[in-house]
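Structural description and commentary
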Amino acid sequence: MTADDSYGRLDDDDYPAYTMGRAADMLGTTPGFLRALGDARLITPLRSAGGHRRYSRYQLRIAARARELVDQGTPIEAACRIVVLEDQLEEAQRINVEHHRAAQPSPTTAA
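Attention here is on the structure that accompanies the text. Computed from a predicted structure; not experimentally measured.

**Some words on the nonpolar core**
- In terms of nonpolar packing, the biggest core is built from 19 residues, with Leu34, Leu37, Leu42, Ile43 and Tyr55 touching the most fellow members.
- Going through the elements one at a time, helix H2 (20-27), helix H3 (31-39), helix H4 (57-71) and helix H5 (76-103) are the ones with two or more residues in this core.

Okay, here's the thing in structure tokens:
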């Protein structure tokens, strides 16, 4: 990968750009919390060539939401389930909107 190619990844939410330590610092949590999220299968970090965990911005947003719930007293397993269900609901709502748009008659056919 050239330098020009890597600059294109700066906007890629799925690019695993953050080490575990950096991700934990950004979230204000511990590496153990991130490992627990992995154990609960909420997020699955990619691994560097050396085997170190790497996180994407998308994964950090999910981890941040789980942390909010845990900070409010929700057990980590329940927090992970809630985040998954919220994500599924958001996706279902997006698909529903797309189906409704597709079902609307176009202005050229409605006459």
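More follows now that the structure is in view.
**Here's the deal with H4**
- When the terminal C-alpha atoms of H4 are compared, their 21 Å separation across 15 residues agrees well with the 21 Å that a helix rising 1.5 Å per residue should span.
- All buried positions along H4 are accounted for by Gln59, Leu60, Ile62, Ala63, Ala66 and Leu69.
- Those residues of H4 hidden inside the fold are in contact with strand S1 (18-19), H2, H3, strand S3 (53-55) and H5.
- One or two steps after H4, the chain reaches Gly73, where phi turns positive at roughly 105°.

**Quick look at the sheet that holds S3**
- Pairing in this open sheet of three strands is antiparallel, and the strands run S1-S3-S2 from one edge to the other. The sheet is open, and its two borders are formed by S1 and strand S2 (46-47), each paired with just one other strand.
- Along the sheet face, H4 touches S1 and S3 and points at about 85° away from the line of S3.

**Let's talk about the packing of H2 against H4**
- At a closest axis distance of 10 Å, the pairing of H2 and H4 adopts a crossing angle of 45°. Comparing their axes, H4 and H2 come out oblique. In terms of crossing hand, the pair formed by H2 and H4 is right-handed. Counted together, Ala23, Met26 and Leu27 of H2 and Leu60, Ala63, Ala64 and Arg67 of H4 form the full contact between these two elements.
- Across the contact of H2 with H4, the residue classes break down as six nonpolar, no polar and one charged.

What counts, and where the lines are drawn
- Residues numbered from 1 in each chain as written.
- Predicted model: local features only at pLDDT ≥ 70, side-chain atom pairs only at ≥ 80, totals over all residues.
- Heavy atoms only, no water.
- Core = buried A, V, L, I, M, F, W, Y, C linked by side-chain atoms within 4.5 Å.
- Buried < 20%, exposed > 50% of the residue type's maximum accessible area, 1.4 Å probe, protein only.
- Helix = DSSP H or I, 4+ residues; strand = E, 2+ residues; numbered from the N terminus.
- Expected span 1.5 Å × (residues − 1).
- Contact = heavy atoms within 4.5 Å.
- Pairing = 2+ DSSP bridges.
- Axes fitted to C-alpha atoms, helices over the stretch in contact; angles between N-to-C directions.
- Parallel < 35°, antiparallel > 145°, perpendicular 65-115°, else oblique.
- Left-handed = near helix turned anticlockwise from the far one by under 90°.
- Nonpolar A, V, L, I, M, F, W, Y, C, P; charged D, E, K, R; others polar.

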